[in-house]
Amino acid sequence: MKVEQISVFLENKSGRLAEVTGVLADSDINIRALSLADTADFGILRLIVNDREKAKAVLKENGFTVGKTEVVAIEVPDRPGGLAGILGALRGGGINVEYMYAFVQKSGENAIIIFRFDEIDGAIDILQKAGVRILKGEEVYAL
Amino acid sequence: MIWNEEFETLPREALEALQIKRLKALVERVYTTVPFYRRQMDGAGMRPDQIQGLDDLKRLPFTTKENLRENYPFGLFTVPLERVIRIHASSGTTGKPTVVGYTRRDIETWAELMARTLACGGTRQGDVVHNAYGYGLFTGGLGAHYGAEKIGATVIPMSGGNTKRQIMIMQDFGSTVLLCTPSYALNLAEVIADMGIDVAELKLRVGIFGAEPWSEKMREEIEKKMLISALDIYGLSEVIGPGVASECIEGKKGLHVFEDHFIAEVIDPDTGDVLPHGEMGELVFTTITKEAFPVIRYRTSDITTLIPDACVCGRGFIRMERVSGRTDDMLIIRGVNVFPSQIEHVLMGIEGVEPHYQIMVDRDGALDIMEVHVEVNEEIFSDEIKELERLSRRIGGEIKDMLGVSCNVKLVEPRTIQRSEGKAKRVIDNRKI
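Residues numbered from 1 in each chain as written. Chains lettered and ligands numbered in written order. Predicted model: local features only at pLDDT ≥ 70, side-chain atom pairs only at ≥ 80, totals over all residues.

A short note on the overall build of chain A
For chain A, the count of helices and strands is 5 helices and 7 strands. Start at the N end of chain A and walk to the C end: the helices and strands fall as β-α-β-β-α-β-α-β-β-α-β-α. Against the globule reference of 15 Å for 143 residues, chain A gives a C-alpha radius of gyration of 16 Å, in line with a compact fold. Residue burial in chain A is summarised as follows: out of 143 residues, 28% are buried. Summarising the internal contacts of chain A: among those between residues at least 6 apart in sequence, 68% fall at separations of at least 24. (Helix = DSSP H or I, 4+ residues; strand = E, 2+ residues; numbered from the N terminus. Rg over C-alpha atoms; globule rule 2.2 N^0.38 Å. Buried ≥ 20, exposed ≤ 12 C-beta atoms within 10 Å, placed from the backbone. Contact = placed C-beta atoms within 7 Å.)

What follows is the structure, encoded as C-alpha cells:
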C-alpha cells in the first residue's frame, strides 16, 4: 500500500536538476513521477523511479544528499469533485497532507496522485474505508 | 585640544621613568596575587625584582586570549570580587566570553582615558555627544559614556540600532559629536539622505569611530557625506575598552597610545621578537595602572606598526598606525567580534549537523552581512521544506544568541564547501573596506 519515494537536496543553481536527471539516465533509471519544491535558496526534488535502490546508490555516488520517504499513490476519478471527496474524507479523519503531486497515466482515464501524509497508516485506513483505490508500490514503479 | 596637559605632553624621559615605576609595581602585584602570572614567570625563570628597566619587559612571557579563557571567569583578577564594581565581557573564541573587571579607580582611569580620546576630537563642555556605541556587556557604550560625562558634555545614551530614531534625535537634540562604528556612520549617512534631510542642517561636527577596521577611503566618504571630521580610535576590552589610543583632529595620522597607562610593543607574531618601530607586526599591550584586571604583554592579534615621530598636536605619546589586519581569523561584523570557532561551536551543538561550514561576509551599502553556509547531509535532510527551514532558522537563532549578530543561514549540498589540506578556509570576506 505504500510507495517508496526518494528525495534529493538541490541548491538553487543552474544545471543541478539536469545533473540529477543525467545521472539517472546514465544508469538507465526511469522516472515515473516527480515534483520539485523550492525556496529562494534550495529545492527538494521528489522522485518515484523504477529502481529506487540503484537510483539512490548512483545519486549518492555523485555527491547528492538523498532521502527516502513512504508515500501513498491513489487513483482519483477523472470527474469534478473526484479529489474533493478524497480530501474531505481525510480531513474528517484528522489527517494532514504534507504535500501532494499528480500525474496522468498513459492509458488510463484516471489521474494518479502521490500523497505525503503526517500519519500514513491512519490515512491508508481512511482511504480504504472510503473505497479509494490505492496503488501498490510495484504498480507504480512499473507504470 | 589636550585634556590632560601634564601627562599627555610628558617629555619622553619623564614618561619612561613613570612607566618603569608603574611596571615594577604591576609585576610585583600580579606575581603575588594571580597564580597564573606567578606560574608564567616561574616558568620563564623570572622574579619581579629582575624587572629593572623598560628593556626587561620583553623577558616576560606573553598573555594570550587562550590564557584568559583558561582562567574564566575571574581567575586573572588581582582583587577580590567585592572590590570590582563593574564587569564587561567580549566574545571569546568558543562558547565562553572573555571577562574583564574594573575597580572604582579603574572606572575613573577609563573615564579619564575616554575624556582624553574625546578631547582629541575637540569635544568639550557644551557639546551634545550622540553615543551610538552599544551599551551592555560590550565596553563601547559605557566606556564612551563615562568619558563624555567627565568632560561635562551632554550625553545622549543612544546605543545601537533604530536608525531613523537616531536621526530624529540628532536633529531635535542638536547632536554635535557622533560616536559609533565607521560602517554605522555610513549607514546613518545613507538613511539621512533617504529621509530627505539636508545633512548641512545637522549640527554634527566630528565623529569618533572605532570597534572595527576601516580605511582612509572610508574616512573620506564619511567626511564628505556627513560633513564632519572623522577620527579613528582604538581599544579592546582585554586592555580597558575604548580609550587605549586615539587620533588627534590636528594630525589625523596615526593613533596616540596613552602611554602613561599602557606600554605598547609590536612583535613578530611567529617568533615573538620585539620589532623596531616602523615595522609591521602584532600589537602587544601591558596595562601599567589597571587594578582589577591588568594584563602583561597581551597579544591583541591586531597588526600595525608604531610611529615614534613627534606629532603636530603636541602630545608626546607614540602613535600606532590604523590597524591593518589580524593574525587570527577573528571577524568584526557590525562592530561585534566574531570567531569562526564560535559558529563551529553552535553547529556542533545541533544534532546531525556536520562541522563543514563556511562564513561569507559582504557589505550591503554600509551594513555587514554574514551568511553561514551549512552542508546538508542525510541525517538532517528532509523531504519537507518546512523541516529544512526550521533547521536553518534554528541554526540562525542559536548563532544570534551566541554572538549577538544576526546572520543568514544557507543550506548547501554536501561536499560543496571547499575542503583544504590542513586548515580549512572558513571565511570568505568580500567586504571592500
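A few points about the overall build of chain B
Within chain B one finds 11 helices and 21 strands. Over its C-alpha atoms chain B spans a radius of gyration of 22 Å, differing by no more than 12% from the 22 Å that the globule rule assigns to 433 residues. A principal-axis box enclosing the C-alpha atoms of chain B has dimensions of 70 × 60 × 45 Å. Here chain B holds 433 residues, and 45% of them are scored as buried. In chain B, of all internal contacts separated by at least 6 residues, the share reaching a separation of at least 24 is 67%.

Re the nonpolar core
Judged by nonpolar contacts, the single largest core of 93 residues is most densely connected at B:L179, B:A185, B:V244, B:V257, B:F262 and B:A264. In terms of residue count, helix 5 (residues 104-120) of chain B provides more of this core than any other element does, 8 residues in total. Leave out the neighbours within four places in its chain, and B:V257 touches B:V244, B:A245, B:F262, B:A264, B:F317, B:I318 and B:M320. Core analysis: the second largest hydrophobic core is formed by 57 residues, A:I6, A:L59, B:I332 and B:M370 among them. (Core = buried A, V, L, I, M, F, W, Y, C linked by C-beta atoms within 7 Å.)

Remarks on unusual backbone geometry
Most peptide bonds adopt trans geometry, and most residues besides glycine take a negative phi value. Residue and element names in this part refer to chain B. In the segment running from Y72 into P73, the intervening peptide bond is cis, with an omega of -10 degrees. With respect to the helices and strands, the residue P73 is situated in the loop between helix 4 (65-70) and strand 1 (86-90). Residue S159 is not a glycine yet carries a positive backbone phi of 65 degrees. By the secondary structure assignment, S159 is in the loop between strand 4 (154-156) and helix 7 (163-173).

Thoughts on the interface of chain A and chain B
Taken together, the 16 residues of chain A in the interface contact 16 residues of chain B. Secondary-structure elements contributing two or more residues to the side of chain A that touches chain B are strand 1 (3-11), strand 3 (42-49) and strand 4 (66-76) of chain A. A class-by-class count of the residues in the side of chain A that touches chain B yields 6 nonpolar, 6 polar and 4 charged. (Nonpolar A, V, L, I, M, F, W, Y, C, P; charged D, E, K, R; others polar.)

As for the domain arrangement of chain A
Residues and elements named next belong to chain A. The domains assigned to chain A are domain 1 (3-69) and domain 2 (70-141). The gap between the C-alpha centroids of domain 1 and domain 2 is 23 Å. Tallying the contact residues gives 10 residues for domain 1 and 12 residues for domain 2. Of all the secondary structure elements, the ones that give two or more residues to the side of domain 1 that touches domain 2 are strand 1 and strand 2 (31-38). With 4 residues, the top contributor of residues to the side of domain 1 that touches domain 2 is strand 2. Split into classes, the residues belonging to the side of domain 1 that touches domain 2 amount to 4 nonpolar, 4 polar and 2 charged. (Domains from an automatic or database assignment.)

Quick word on the packing of helix 5 of chain B against helix 6 (residues 139-151) of chain B
Residues and elements named next belong to chain B. Between helix 5 and helix 6, the least distance of the axes is 7 Å, while the angle of their chain directions is 75 degrees. Classified by the angle between their axes, helix 5 and helix 6 sit roughly perpendicular to one another. Residues I107, W110, A111, E112, M114, A115, T117, L118 and A119 of helix 5 lie in contact with helix 6, whose contacting residues are G143, A144, Y146, G147, A148, K150 and I151. (Axes fitted to C-alpha atoms, helices over the stretch in contact; angles between N-to-C directions. Parallel < 35°, antiparallel > 145°, perpendicular 65-115°, else oblique.)

Remarks on the packing of helix 8 (residues 182-194) of chain B against helix 9 (residues 216-226) of chain B
Residue and element names in this part refer to chain B. Taken N-terminus to C-terminus, the directions of helix 8 and helix 9 make an angle of 35 degrees; their axes are 10 Å apart at the nearest point. Along this stretch, helix 8 crosses helix 9, giving a crossing that reads as left-handed. The segment helix 8 lies against helix 9, with P182, A185, L186 and A189 engaging M218, E221, I222, K225 and M226. Residue classes in the contact of helix 8 with helix 9 are distributed as 7 nonpolar, no polar and 2 charged. (Left-handed = near helix turned anticlockwise from the far one by under 90°.)

Quick notes on the domain arrangement of chain B
Residues and elements named next belong to chain B. As far as domains go, chain B holds domain 1 (1-327) and domain 2 (333-429). Computed from C-alpha atoms alone, the centre-to-centre distance between domain 1 and domain 2 is 31 Å. Taken residue by residue, the interface counts 12 residues in domain 1 and 14 residues in domain 2. Broken down by element, the residue count for the side of domain 1 that touches domain 2 peaks at 4 residues, all from helix 8. Taken together, the residues of the side of domain 1 that touches domain 2 sort by class into 2 nonpolar, 8 polar and 2 charged.

A closer look at helix 3 (residues 35-43) of chain B
Residues and elements named next belong to chain B. Along helix 3, the residues classified as buried are Y37, Q40 and M41. Angular distribution of buried residues about the axis of helix 3 spans 90 degrees; they occupy a single face of the element. Set apart from the buried face of helix 3 by more than 90 degrees, the exposed residues are P35, R39, D42 and G43. Packing partners of the buried residues in helix 3 comprise helix 2 (12-33). The positive-phi residue at the C-terminal boundary of helix 3 is G45, with phi of around 65 degrees. (Arc of directions from axis to C-beta.)

Points about the sheet that holds strand 4 of chain B
Residues and elements named next belong to chain B. Read from one edge of the open sheet, 9 strands run 4-3-5-6-7-8-9-14-13, paired in mixed fashion. With one partner strand each, in any of the chains shown, strand 4 and strand 13 (306-307) form the two edges of the open sheet. Judged from the 4 bridges that link them, strand 7 (residues 229-236) and strand 8 (residues 241-246) form a sheet pairing that is antiparallel. Directly across from Y234, in strand 8, lies its bridge partner A245. Each of strand 6 (206-209) and strand 7 is contacted by helix 9, which is oriented at about 130 degrees to strand 7, the strand it contacts most. (Pairing = 2+ DSSP bridges.)

Focus on helix 6 of chain B
Residue and element names in this part refer to chain B. If you check helix 6, its first and last C-alpha atoms are 19 Å apart, about what 13 residues at 1.5 Å a residue would give, namely 18 Å. Of all 13 residues making up helix 6, 11 are buried, and the element is well covered by its neighbours. Those residues of helix 6 not exposed but buried are T139, G140, G141, L142, G143, A144, H145, Y146, G147, A148 and I151. Once helix 6 finishes, G152 follows within two positions and takes phi at roughly 95 degrees, a positive value. (Expected span 1.5 Å × (residues − 1).)

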